[in-house]
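Survey of secondary and tertiary structure
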Amino acid sequence: MTYFAERGRTTYALDLRGHGASAPVADLGRVSLGDYIDDTVHATRALGSVVLVGHSMGGLIAQKVAELGAASRVVLVSPAPPRGIPLFSMRLAARQARYLPALLRSREIRVRRADADALMMNGIPRDERESVFAQFQPDSGRGGREIMLGAVGVD
């Protein structure tokens, strides 16, 4: 955001429901990708013509928002695919297994630091990981399950 602001572009960061400065939700674990998509569509339509940038789950949301005509353009950074996330290795399966109860029961998920280091922050220099991990927040087990199973189709 700083990069674009320094070049005269207005930027906004959307806090999805239950995250950051948004209103808390009674049960974050049960929030669906559809809920997040609705939040994003509402925000983008309020702002007018926007270029929506999405990473990971946000990338999948951005694809759906674009399909719905609520963003003029999207930039996808390592987006979660609409067809689901297959397990490619036993190492990945073993790390994800500990989150399976929360995924299946639509409970809040809090990623463990060791898992974040191995799966999400392995491309970040070790001396920067603590500050990055400090920004992690709990997320929806239901949303995670929907991503894994490819429950949100994008045309």
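Treat the numbers as computed from the prediction; the structure is a model and nothing was measured.

As a further point, take the overall build of the protein chain. Each helix and strand counted, the protein chain has eight helices and four strands in total. Of the regular secondary structure in the protein chain, the N- to C-terminal order runs α-α-β-α-β-α-α-β-α-α-β-α. For 155 residues, the compact-globule formula gives about 15 Å, and the C-alpha radius of gyration of the protein chain, at 16 Å, lands near that figure. Each principal axis of the C-alpha distribution contributes one length, and for the protein chain these read about 45 × 35 × 30 Å. Of the contacts made within the protein chain by residues no fewer than 6 positions apart, 50% connect residues no fewer than 24 positions apart. Carbon and sulfur atoms provide 54% of the accessible area of the protein chain, an area that totals close to 9800 Å². Across the protein chain, the centroid of the 20 positively charged side chains sits 5 Å from that of the 16 negatively charged ones.

Another aspect to go through is the nonpolar core. Soluble globular proteins: nonpolar side chains tend toward being buried together. Counting residues in hydrophobic clusters, the biggest one holds 19 residues, and the most contacted among them are Leu33, Tyr36, Ile37, Met57, Ile61, Val65 and Ile147. Counting only elements with at least two residues in this core, the list comes to helix H2 (33-47) and helix H3 (57-67). Per-element tally for this core: the top contributor is H3, with five residues. Leaving out residues up to four positions away in the same chain, Leu33 has contacts with Met57, Leu60, Gly143, Glu146, Ile147 and Val152.

Take the packing of helix H4 (residues 90-97) against helix H6 (residues 113-120) next. Contact pair H4 / H6: the axes reach a minimum separation of 11 Å and the direction vectors enclose 150°. Relative to H6, the element H4 lies roughly antiparallel. Both H4 and H6 take part in a crossing whose hand is left-handed. Each of Arg91, Leu92 and Arg95 in H4 lies in contact with H6, whose residues at this interface are Ala114, Asp115, Ala118 and Leu119.

Turning to helix H8 (residues 141-149), its buried residues are Gly141, Gly143, Glu146 and Ile147. Buried residues along H8 sit against H2, H3, helix H5 (100-104), strand E3 (108-109) and strand E4 (139-140). With a side-chain oxygen positioned 3.2 Å from the backbone nitrogen of Arg142, the residue opening H8 is Ser140. With its phi angle positive at about 70°, Gly150 sits one or two positions after the end of H8.

This part is about the pairing of strand E2 (residues 73-79). Of the strand pairs in this sheet, strand E1 (residues 51-56) and E2 are connected by six bridges, and their pairing is parallel. When the sheet's bridge partners are listed, His55 is paired in E2 with Val77.

Under the defined criterion, the tally for this structure stands at two aromatic pairs. Seen from their ring centres, Tyr3 and Phe4 are 5.2 Å apart, and the 90° between their planes marks the pair as edge-to-face. Looking at Phe4, the relative accessible area reads 44%, which means it is partly exposed.

Locating Ala70 in the fold gives a position in the loop between H3 and E2. The exposure class of Ala70 is buried, given its relative accessible area of 5%. The spatial distance from the C-alpha of Ala70 to the C-alpha of Gly58 is 14 Å, given a sequence separation of 12 residues. For Ala70, the contacting residues outside a window of four places in its chain are Val41, Thr44, Arg45, Val50 and Val65.

Cut-off values and rules
- Residues numbered from 1 in each chain as written.
- Predicted model: local features only at pLDDT ≥ 70, side-chain atom pairs only at ≥ 80, totals over all residues.
- Heavy atoms only, no water.
- Helix = DSSP H or I, 4+ residues; strand = E, 2+ residues; numbered from the N terminus.
- Rg over C-alpha atoms; globule rule 2.2 N^0.38 Å.
- Contact = heavy atoms within 4.5 Å.
- Areas by Shrake-Rupley, 256 points an atom, 1.4 Å probe, with all protein chains shown as cover.
- Lys, Arg positive; Asp, Glu negative; His and termini not counted.
- Charge placed at Lys NZ, Arg CZ, Asp CG, Glu CD.
- Core = buried A, V, L, I, M, F, W, Y, C linked by side-chain atoms within 4.5 Å.
- Buried < 20%, exposed > 50% of the residue type's maximum accessible area, 1.4 Å probe, protein only.
- Axes fitted to C-alpha atoms, helices over the stretch in contact; angles between N-to-C directions.
- Parallel < 35°, antiparallel > 145°, perpendicular 65-115°, else oblique.
- Left-handed = near helix turned anticlockwise from the far one by under 90°.
- Polar contact = N/O pair within 3.5 Å; in protein donor to acceptor, adjacent residues only side chain to side chain.
- Pairing = 2+ DSSP bridges.
- Phe/Tyr/Trp six-rings, centres within 6.5 Å; stacked < 30°, edge-to-face > 60°.

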